[in-house]
2 protein chains.
Amino acid sequence: MRDESRKEQATIPKERSRSPEEGRKRAKIEGVEPQIDGGTFPAKRILGDEIIVEADAFCDGHDALTCILRYRHESEQNWRSTDMEPLGNDRWRASFEAARLGHYLFKPVAWVDHFKTWRLDLHKRLEAGQEVTQELLIGADLVEAAADRADAKTRPLLQEWVTMLRHPTDDPDLPVPSATETPMTPSRATAYHALSSELAELVALCPDRTLATEYGTELSVQVDREKARFSTWYELFPRSAAETGRHGTFEDVERLLPYIKDMGFDVLYLPPIHPIGRMKRKGPNNVPTAEDGDPGSPWGIGAKEGGHKAVHPELGTLDDFRRLLRKVEEEDMEIALDIALQCAPDHPYVRDHPEWFRKRPDGSIQYAENPPKKYQDIYPFDFETDAWRELWDELASIFLFWIEQGVRIFRVDNPHTKPFDFWQWMIARVRAEHPDVIFLSEAFTRPKVMYRLAKLGFSQSYTYFTWRNSKDELRDYVETLTTEPVRDFFRPNFWPNTPDILPEYLQTGGRPGFMVRLALAATLTSNYGIYGPAFELQAAMPARPGSEEYLHSEKYEIREWDLDRADSLRGFIGRVNRIRRENPALQETHNVRFHDTDNDEILAYSKATRDGSNVVLVVVNLDPHHRQSGWVDLDLDALGVGPDDTHADHEEYVVHDELGGERFLWHGSRSYVELRPDQMPVHIFRVSRRARSEADFEYYM
Amino acid sequence: MRDESRKEQATIPKERSRSPEEGRKRAKIEGVEPQIDGGTFPAKRILGDEIIVEADAFCDGHDALTCILRYRHESEQNWRSTDMEPLGNDRWRASFEAARLGHYLFKPVAWVDHFKTWRLDLHKRLEAGQEVTQELLIGADLVEAAADRADAKTRPLLQEWVTMLRHPTDDPDLPVPSATETPMTPSRATAYHALSSELAELVALCPDRTLATEYGTELSVQVDREKARFSTWYELFPRSAAETGRHGTFEDVERLLPYIKDMGFDVLYLPPIHPIGRMKRKGPNNVPTAEDGDPGSPWGIGAKEGGHKAVHPELGTLDDFRRLLRKVEEEDMEIALDIALQCAPDHPYVRDHPEWFRKRPDGSIQYAENPPKKYQDIYPFDFETDAWRELWDELASIFLFWIEQGVRIFRVDNPHTKPFDFWQWMIARVRAEHPDVIFLSEAFTRPKVMYRLAKLGFSQSYTYFTWRNSKDELRDYVETLTTEPVRDFFRPNFWPNTPDILPEYLQTGGRPGFMVRLALAATLTSNYGIYGPAFELQAAMPARPGSEEYLHSEKYEIREWDLDRADSLRGFIGRVNRIRRENPALQETHNVRFHDTDNDEILAYSKATRDGSNVVLVVVNLDPHHRQSGWVDLDLDALGVGPDDTHADHEEYVVHDELGGERFLWHGSRSYVELRPDQMPVHIFRVSRRARSEADFEYYM
């Protein structure tokens, strides 16, 4: 037996020195979802959501596994746990409710469950007619071990079972199957009894987790309030809010609230409201020097009146702003404040904290540049400064200051030009105290940079929607945003226009073009916004041919808008936003499904609530100039009107155009549509299966 | 300025206490590939491969990034590094050679490169006609800092540049663009000079990595020898190797080596060669009790003659086995040994180490079961034993024992019924000393379990190929195996038959059926094997109708095979294996591309080497009973014969059937094929672009 005793003690690797249990933990857990970048970032969910977690869990051999999900809110000390249910193919699922704002932590745990294995095997043995004397004794040992782990209430119950398993009885009252072919013996009768769910439930109360495997990474979900998922934004320059050409004030904005609310918006987004720098101030149409009386750009922040925590005097006082906040709240709306972390040359920070800025060799402060372009009116912060800790503190305190005034939504200007780690720290810091705060990332930049900002904590993000016009572009882009992993961390907010961007489509599409882009933004995503009144009044003139800048951009001058103009889209916008409010299917983004059409100018997509109670089908003519018609190939299952048990062969359903008011009875999966841009370039149908009862017929009373 | 000084020192989160650099590290690295399960497992590569690593790397703002890849072989102390090249869209790539067996570790590193930014911006400024006096001084500071980091050789060269940048010259010899519109000044001339690659290369020698970001996880690649990727297996029961009915020996196997080598196999795989247990030995056709003289199953391991480190006496001695190993090596083949970690009841382990087995209540040892099936002839190890450390040691020592005899390939029986952690530890332990050892996992079980075994270290894996017969099944399955992430860790080894599995297709397909399955296995994957001589002699009779067991399975009895039978497929197999050896395209698996056909019985796929020098197109008639014909829609780019610069509009190419010998001149992407199973059910074409010179024409001499 020389060879049998041969050992290689000398070469035992380090891993052997682990704990007595380690080598006996046979369960493995993989592929846990949701999971962003290996657990580096949380997935995003909304208060009240059912948080669904899935995992692959398995062990070697044929033993049965038990798998649970441990989870807790970040504020809780103790883990809760819930059973994971097997879905087949070694996939398991559990869910819990997002009952509080903030972060939930979770981690699956699995172990080889010898009692469960024993029970399943016992059933197979009985069915095969085998004798089970030994098996009852094995089971008795397992139940006895469970009794040792049990609480005082459960223990005696389990001990009764141990006695029964050790002493099989021929009690004629035991419930055993009547039709088994094998002669019933006391052992078999007792075994059938031991398959009862009562015993299984008792043992499950005191599982043996000695050899349980925990998933290696603690994963997390960030829970935001509903507004992070469903919001309707209206951007407005307060200084243009006066009825005459004078500088508008917060009070003027108050007067406009009914106008904005009538259109159905719930977030009023204001460009920066801080004192505007005078040094190097830009004039109308972005000319390098301002004349006396030119108001300057609100993004040129800071002057002798103060910086990021002060209010531009011509808009009013901090008290006026607080009153506006209250008035907005009374209208069931919220204010979103624009925070742009940059300074005009006369910002107090420049004088008080020169160490936060980069110096040029001539001693001047480095202005913003994207060579060869120079922005001498803007000083960026130098985040590589040795004083970065103080800089971070001060910048975070800006957000905290406005939160103290009552603001809960921030639109952050150009976050991609400040370090990712700063945002991650700042957002975590703010949300630790104020988990209801929402941050919108205005990063029009490369996709991976935009995604990173979303992952690290921004609640919503601007998108490329503004430049996606054709059917394929829109479908591809929206599908990218609503597919894993992007949908788990990136909440798109679609903007047909912004003060910086008057897209070519709007320059040339006329009134129907504005309607098309608004309808797309409002129904493709559940978060969208417009920059008004430029939008509803269809301002379409660029600064120069080929430019996306507005002529007479409000960024540099005060504009007067005739809000009562007959051709205003305010009525149309109000109708679309009312449809959004009334149809929960439109209050999510990830539920969008596209349907094929045979005309490249016709885009069709639908959204349904998870329970199928609300289904909306949108059909858009993307060509603002011509009537377009064609066939839509509808995915009836996506519309909830496919064949099922009660509707086997007739696929008949009602579509009701929530915009135009018409009702159609449609059959089957192909439908003809025709849209005239000069009338209404969009259908927003509510879809419902036809209630097929006698009451549907007209002659029925 | 009350609001400016407001701070929230009380709520500063813990992260603020990090190192002075931490908050200033602006580069981010994500999405590094290859990466298996967040770096938990290595990706697999072959000696000599170019290991390609890609990563997303970016920073905030407009600064330029430098990105390098640090890597080292596990045996090396110091990291090497190589530049990563930008691919666009923030993706970077680098590669290094897999020059040694074992593991390579790698980790991208990125940092904001201020000199690179300065240089790129300087170019833009000059092109825009700007004056650059300040920029030269900024550049001088950057170069001076580089000089401070430089070695003694580089420092003076950099210092010369500093002087030049600080004192611009109007040296007329400076190379400046002649056609610039802006008047040349000393500063501009010096700046043009500073754009030279010489300065850039000098500065790149001494980068500032103070604020460099390392990717958070050290990733790894496992490098195996070529045989792990390209191997051709022949399984043989040595006890059936004698010419008459007597028990075959290792010496008989030696006599068969020319026969096996002629067929083109390079791995001779032997079922377990250990003493076979006598207790509960199974008889022919798996009957529960053996008669005297029944040889028993080689997988019923262990008897009084010894266990897993002994040789079954009727096969010969350990010396005989060593001589067989040498003879096999002389034929440029290798032996693969089957290791089945289980015991017959009379295995010495059972007597010497009862603590490694589970006891039943009656004191007997628990035999293998999959209720209601009982395998009383097999005792499984109890891996939950308290003595698991000693058990692991002993089991590892089995592999090390056979490695000491010269074995370098193991086929592991049912690894999925032993703990994953044991395999991971054992394989790591063996490969730490013997990185040339190859392990084939015989786990016919659920996909995630099979994948886990591959991830944790098995070099090759059995697959579901045996049950994939239709065109869609084969295409879907092979595409799954050759797509990320599976292709990075799972190397399929296709077997048309095994001693356990005589699939229905072979039972009913006749000789053409065997040819089809062999051709598929041999050309779809680069690792394949057959169980012979049952295969080449087309043994097709199941133990009973509906069973996949062989009648008179060699697992339980000695068989006599007439190797010289006229209808043997040895010639066909030899030709197919010769084609595999001669066509490097067939020596990889991941390069397979499927081509559409209009007949569900015709499967077409191609493989090409990375450099395109070898292209093979395989067309198979999956129907072994009928002539099938149809059109193949060829992807000409995959075949390397699509239109390109020199072959703009004529797509004409030669396909040479390496099996049948015919040559065809094909045009365009649609080709007609017809395959008669009674003649040859398969084309294996070598594809080459037609050399279009006068020498191609027949009348040219």
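Within each chain, residue numbers correspond to sequence positions counted from 1 in written order. Here chains are named by letter from A upward and ligands by number from 1 upward, in the order in which they appear as written. At least 70 in pLDDT is required for a residue's local features to be given in this predicted model, at least 80 for side-chain atom pairs to be given and counted, and no such filter applies to totals for whole chains, interfaces and linings, which use all residues. Hydrogens and water are ignored here; the side-chain numbers use all heavy atoms of the structure.

Trainee: Where do I start with the sheet that holds strand E26 (residues 652-657) of chain B in this structure?
Mentor: Sheet strands line up and pair through hydrogen bonds in the backbone, either parallel or antiparallel. Residues and elements named next belong to chain B. Think of it this way: DSSP has to see at least two bridges between two strands before they count as a pair. A run of H or I in DSSP counts as a helix once it spans at least four residues, and a run of E counts as a strand once it spans at least two, with each numbered from the N terminus. One open sheet holds the 8 strands; their spatial order is E27-E26-E29-E24-E23-E22-E25-E28, and the pairing between them is antiparallel. The sheet terminates laterally at strand E27 (663-667) and strand E28 (670-675), the two strands that pair on one side only. The sheet shows a mean angle of 30° between the axes of neighbouring strands, direction not considered. Bridge count between strand E24 (residues 615-621) and strand E29 (residues 682-689): 5 bridges; the pairing is antiparallel. Bridge pairing in E29 links Leu 617 to Phe 685. In this description, a line fitted to the C-alpha atoms serves as the axis of each element, helices being fitted only across the stretch in contact, and the angle between N-to-C directions of two axes falls anywhere from 0 to 180 degrees.

Trainee: Which parts of the structure should I look at to understand the sheet that holds strand E20 (residues 460-461) of chain A?
Mentor: Residues and elements named next belong to chain A. Here we have 7 strands laid out as an open sheet, ordered E20-E19-E18-E13-E12-E11-E21, and parallel in their pairing. Because the sheet does not close on itself, it has two edges, and the strands there are E20 and strand E21 (527-531). Both strand E13 (residues 334-339) and strand E18 (residues 409-413) contribute to a ladder of 4 bridges, which runs parallel. Within the sheet, the bridge partner assigned to Asp 338 lies in E18 and is Arg 411. Those strands touched by helix H7 (residues 318-330) are strand E12 (267-270) and E13, and its axis lies near 135° from that of E13. Contact between two residues is taken to exist if any of their heavy atoms lie within 4.5 Å; hydrogens are not considered.

Trainee: What exactly am I supposed to notice about the side chain of Glu 554 of chain B here?
Mentor: All names here are of chain B. Relative to the elements of secondary structure, Glu 554 occurs in the loop between strand E21 (527-531) and helix H16 (570-582). Buried charged residue Glu 554 carries no salt bridge. Nearest counter-charge: Arg 559, at 6.1 Å. In this structure Glu 554 touches Phe 237, Arg 239, Ser 240, Tyr 531, Gly 532, Arg 559 and Trp 561, once residues within four positions along its chain are discounted. Think of it in three bands: residues with accessible area under 20% of the maximum for their type are buried, residues over 50% are exposed, and the middle band is partly exposed, with areas taken using a 1.4 Å probe on protein chains only. For the purpose of charge, His is not counted, nor are the chain termini; Lys and Arg are scored as positive and Asp and Glu as negative. Here a salt bridge means any side-chain nitrogen of Lys or Arg lying within 4 Å of a carboxyl oxygen belonging to Asp or Glu.

Trainee: Can you walk me through the interface of chain B and chain A in this structure?
Mentor: Interface size is commonly expressed as the accessible area that is lost once the parts come together. Contacts between chain B and chain A engage 94 residues on the former and 95 residues on the latter. At the junction of chain B with chain A, the criterion picks out 18 salt bridges. Between Lys 448 of chain A and Asp 56 of chain B there is a salt bridge, with its nearest N and O atoms 2.8 Å apart. What qualifies as a polar contact is a pair of N or O atoms within 3.5 Å, subject to a donor-acceptor requirement within protein and to the restriction that residues adjacent in sequence count only when both atoms come from side chains. Taken together, the links from chain B to chain A amount to 30 residue pairs in polar contact (both at pLDDT 80 or more). For the side of chain B that touches chain A, the leading source of residues is helix H9 (residues 388-405) of chain B, giving 10 residues. For this scheme, ten residues count as nonpolar: Ala, Val, Leu, Ile, Met, Phe, Trp, Tyr, Cys and Pro. Four count as charged, namely Asp, Glu, Lys and Arg, and the remainder, Gly too, count as polar. When grouped by side-chain class, the residues that make up the side of chain B that touches chain A number 29 nonpolar, 20 polar and 45 charged.

Trainee: Whenever I open this one, helix H6 (residues 250-262) of chain B confuses me. Can you help?
Mentor: Each full turn of the α-helix corresponds to 3.6 residues, which orients residues three or four apart in the same direction. All names here are of chain B. Helix length check: H6 (13 residues) gives 19 Å between terminal C-alpha atoms against 18 Å at 1.5 Å per residue, within 8%. Throughout, bend refers to the angle between the axes fitted to the seven residues that end at a position and the seven residues that start at it. The sharpest bend along H6 measures roughly 40° and falls at Leu 256, with the proline Pro 258 sitting one to four residues further on. When H6 is considered as a whole, its buried residues turn out to be Phe 250, Asp 252, Val 253, Glu 254, Leu 256, Leu 257, Tyr 259 and Ile 260. Lining the buried residues of H6 we find strand E11 (231-235), strand E12 (267-270), helix H7 (318-330) and H16. Just downstream of H6, Gly 264 is the residue with a positive phi angle, here 95°. A helix is expected to span 1.5 Å for every residue after the first.

Trainee: When you look at the packing of aromatic side chains in this model, what are you seeing that I'm missing?
Mentor: Describing an aromatic ring pair means giving the distance of the ring centres and the angle of the ring planes. Any two of the Phe, Tyr and Trp rings considered here, Trp counted by its six-membered ring, make a pair once their centres fall within 6.5 Å; the pair's planes then place it as stacked at under 30 degrees, edge-to-face at over 60, or tilted in between. What the rule picks out here adds up to 92 aromatic pairs over all chains. With a centroid separation of 6.3 Å and an interplanar angle of 80°, the aromatic rings of Tyr 653 of chain A and Trp 666 of chain A are classed as edge-to-face. A residue pair is termed long-range when its members are at least 10 positions apart, and Tyr 653 of chain A in strand E26 (residues 652-657) and Trp 666 of chain A in strand E27 (residues 663-667) qualify at 13 residues. For Tyr 653 of chain A, a relative accessible area of 0% puts it in the buried group. Taking the centre distance of 5.6 Å and the plane angle of 45° together, the rings of Phe 383 of chain B and Phe 422 of chain B count as tilted. Separated by 39 residues along the polypeptide, Phe 383 of chain B in the loop between strand E17 (379-380) and H9 and Phe 422 of chain B in helix H10 (residues 420-433) bring together distant segments of the chain. As far as burial versus exposure is concerned, Phe 383 of chain B and Phe 422 of chain B are alike and both buried. Remark: a charge is flagged as sitting over a ring if the NZ atom of Lys or the CZ atom of Arg is within 6 Å of the ring centre and within 35 degrees of the ring normal. For the cation-ring pair, Arg 72 of chain A lies above Trp 79 of chain A, with the distance from its terminal atom to the ring centre recorded as 5.0 Å. Of note, Lys 455 of chain B hangs over the ring of Phe 489 of chain B, and the distance from its end group to the ring centre comes to 5.4 Å.

Trainee: What is the right way to look at the relation of the copies chain B and chain A in this model?
Mentor: The second copy of the chain is related to the first by a rotation about an axis and a shift along the axis. Superposition of the copies used a least-squares fit over C-alpha atoms from residues whose pLDDT is at least 70 in both. Here chain B sits on chain A after a turn of 180° about the axis and a move of 0.0 Å along it, with an RMSD of 0.1 Å. Here the symmetry operator amounts to a two-fold rotation axis. Considering only C-alpha atoms, the part of chain B nearest the rotation axis is Gly 38 of chain B, at 2.9 Å. The fraction of interface residues of chain B whose copies in chain A are also interface residues reaches 100%, indicating that both copies meet through the same surface.

Trainee: Could you clarify how one ought to interpret the pattern of salt bridges in this entry?
Mentor: For the structure shown, the criterion picks out 123 salt bridges over all chains. With a closest N to O distance of 3.3 Å, Asp 386 of chain B and Arg 24 of chain A form a salt bridge. In this pair, Asp 386 of chain B is assigned in the loop between E17 and H9 and Arg 24 of chain A in the segment before strand E1 (27-33), connecting two distinct chains. You can call Asp 386 of chain B exposed: its relative accessible area is 65%.

Trainee: Even after reading the chapter, I still don't get H7 of chain B, so can you show me in this structure?
Mentor: Residue and element names in this part refer to chain B. Taking 1.5 Å per residue, 13 residues should reach 18 Å; H7 reaches 19 Å between its end C-alpha atoms and fits that length. All of the buried residues along H7 are Leu 318, Phe 321, Leu 324, Leu 325 and Val 328. For H7, the angular spread of buried residues about the axis comes to 110°, placing them on one side. Opposite the buried face of H7, at more than 90 degrees from it, the exposed residues are Asp 319 and Glu 330. Where H7 is buried, its residues touch H6, E12, strand E13 (334-339) and H9. Asp 332 lies just past H7 and shows a positive phi near 60°. As used here, the arc belongs to the directions running from the helix axis to the C-beta atoms.

Trainee: Teacher, can you tell me more about the pairing of strand E8 (residues 102-112) of chain A here?
Mentor: On any regular strand, side chains alternate: one points to one face of the sheet, the next to the other face. Residue and element names in this part refer to chain A. A large share of E8 lies buried, amounting to 10 of its 11 residues. Direction of pairing for strand E4 (residues 65-73) relative to E8: antiparallel, over a ladder of 9 bridges. Note on E8: the bridge partner recorded for His 73 is Tyr 104. For E8 and strand E10 (residues 219-224), the ladder comprises 5 bridges, and the chain directions are antiparallel. The residue of E10 that forms the bridge with Tyr 104 is Val 221.

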